[in-house]
Amino acid sequence: MNAIPTVILNDGAWFPELGLGTYNLRGEEGIEAMVAAIDSGYRLLDTAVNYENEGEVGEAVRRSGVDRDKLLVTSKIPGRHHGRQEAIDSIKGSLDVLGLDRIDLHLIHWPNPSVGRYVETWRGMIEARDLGLVRSIGVSNFTEDQLTELIEETGVAPAVNQVELHPYFPQEALRAFHRTHGIRTESWSPLARRSELLTEQLIHELATVHDVTPTQVVLRWHTQLGSTPIPKSADPDRQRENADVFGFTLTEDQVAAISALERGRLWDGDPLTHEEM
Ligand SMILES: NC(=O)C1=CN([C@@H]2O[C@H](COP(=O)(O)OP(=O)(O)OC[C@H]3O[C@@H](n4cnc5c(N)ncnc54)[C@H](OP(=O)(O)O)[C@@H]3O)[C@@H](O)[C@H]2O)C=CC1
Ligand SMILES: O=C(O)C(=O)[C@@H](O)[C@H](O)C(=O)CO
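Identification of the protein chain as Aldo/keto reductase from Microbacterium psychrotolerans is taken from an unreviewed UniProt entry. According to the UniProt record, the Sequence similarities (unreviewed entry) comment for the protein chain reads "Belongs to the aldo/keto reductase family."

### What to know about the overall build of the protein chain
Secondary structure assignment for the protein chain yields 10 helices and 10 strands. Here the C-alpha atoms of the protein chain give a radius of gyration of 18 Å, agreeing with the 19 Å that 2.2 N^0.38 yields for 277 residues. With respect to the three principal axes, the spread of C-alpha positions in the protein chain is 55 × 40 × 30 Å. Relative to its 277 residues, the protein chain shows a buried fraction of 58%.

### Structural notes on the pairing of strand E8 (residues 160-164)
Among the 5 residues in E8, 5 count as buried, and that is most of the element. As defined by bridge partners, strand E7 (residues 134-140) adjoins E8 across 2 bridges and the pair is classed as parallel. Bridge pairing in E8 links Ser-140 to Gln-162. With helix H5 (residues 144-154) bridging E7 and the parallel E8, this β-α-β connection has right-handed handedness. With 5 bridges joining them, E8 and strand E9 (residues 184-188) adopt parallel strand pairing. Its bridge partner lying in E9, Val-160 is registered against Arg-184. Remark: the E8/helix H6 (residues 172-181)/E9 crossover connection has right-handed handedness.

### Examining a negative patch on the surface
A grouping of Glu-144, Asp-145, Glu-149 and Glu-152 is seen on the molecular surface, where their side chains present a negatively charged patch. Here Glu-152 is to be found in helix H5.

### Some points on the UniProt feature "domain: NADP-dependent oxidoreductase" (unreviewed entry) in the protein chain
Residues annotated in UniProt with the feature "domain: NADP-dependent oxidoreductase" (unreviewed entry) correspond here to residues 17-261. The span residues 17-261 carries 45% helix and 15% strand; its end-to-end C-alpha distance comes to 23 Å.

### Some details on the confidence of the model for the protein chain
Where the model shows low pLDDT, its predicted coordinates should not be examined in detail. Averaged over all residues, the pLDDT of the protein chain is 98; the fraction at 70 or higher stands at 100%. Under the prediction, the complex receives an ipTM of 0.98, its pTM being 0.98.

Scoring rules and cut-offs
- Residues numbered from 1 in each chain as written.
- Chains lettered and ligands numbered in written order.
- Predicted model: local features only at pLDDT ≥ 70, side-chain atom pairs only at ≥ 80, totals over all residues.
- Heavy atoms only, no water.
- UniProt positions renumbered as here; feature names shortened; annotations may be inferred.
- Helix = DSSP H or I, 4+ residues; strand = E, 2+ residues; numbered from the N terminus.
- Rg over C-alpha atoms; globule rule 2.2 N^0.38 Å.
- Buried < 20%, exposed > 50% of the residue type's maximum accessible area, 1.4 Å probe, protein only.
- Pairing = 2+ DSSP bridges.
- Right-handed = clockwise from strand over helix to strand, strands pointing away.
- Patch = residues over 30% accessible without salt bridge, like charges linked within 9 Å, V, L, I, M, F, W, Y side chains within 5 Å.
- Areas by Shrake-Rupley, 256 points an atom, 1.4 Å probe, with all protein chains shown as cover.
- Salt bridge = Lys/Arg side-chain N within 4 Å of Asp/Glu carboxyl O.
- Lys, Arg positive; Asp, Glu negative; His and termini not counted.
- Charge placed at Lys NZ, Arg CZ, Asp CG, Glu CD.
- pLDDT = per-residue confidence, 0-100.

Take a look at the structure:
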């Protein structure tokens, strides 16, 4: 398997082109699944306060035997912790639960526009970064207008925006905005949560052409769009399959054909209306 390549974020930090989602990976089984992923070459683990598994992620990092500086842990601030001081306190809480002395990338999980505190929260994140509690700061589920507001109010662009992105919802306009502002796109639910996406005829045809699996076609599409997918799998074989996508290249026409599967979000996760506390 080719090693997972890295890119450089707008703050100079390195960031993998593919990582592991950990939603619902919990307990001893969850820890073992994460350690297996790290053994297979994953270097980015994506968690959140609301996943209630930061403890498992920290334990997997310690058990893996891989140098801490070669691993990257992402966590996220929940809606109930919005506010400047609340954000700093939330990050300190995450560090405690993780049992780590630094979080590599911290995100605002959802903007929660009706609460109206994401700019204040962002100011707290900037402070936390300056205090050395987190290395990089970013957001999740932010729209173009909300990103613009953060940048205009604070002068600091997020390093990453983690958003719903898969062939059914390719987010072309938002990705173009990210490129203009040096924001790295990260794809959540990159496999569309194993919906019928993996049975699409086009995806199967391309898998045959490249002698890979349908899942690998989809994940390679993400990386060629310039986004970091974070597929979740509890299974070591599927984890290896998902990470082994850097040995073939889709043509531009093939990438465009996959993007043409667009049909919308998986569920009602529109950040202008969906809020999570
Ligand atoms: N910021 C946000 O608001 C959000 C962030 N996320 C993040 O994104 C991550 C990934 O998204 P998620 O929603 O979990 O969905 P994914 O698109 O990653 O799909 C996960 C599902 O696909 C299955 N799967 C994984 N690999 C394969 C494979 N090779 N073949 C067949 N099936 C496979 C998994 O099953 P199995 O485990 O059995 O392999 C699981 O059922 C989350 O874990 C979380 O970290 C997700 C949603 C929102
Ligand atoms: O997984 C996440 O990060 C979430 O924000 C979840 O709430 C996810 O959106 C979900 O599972 C909602 O059904």
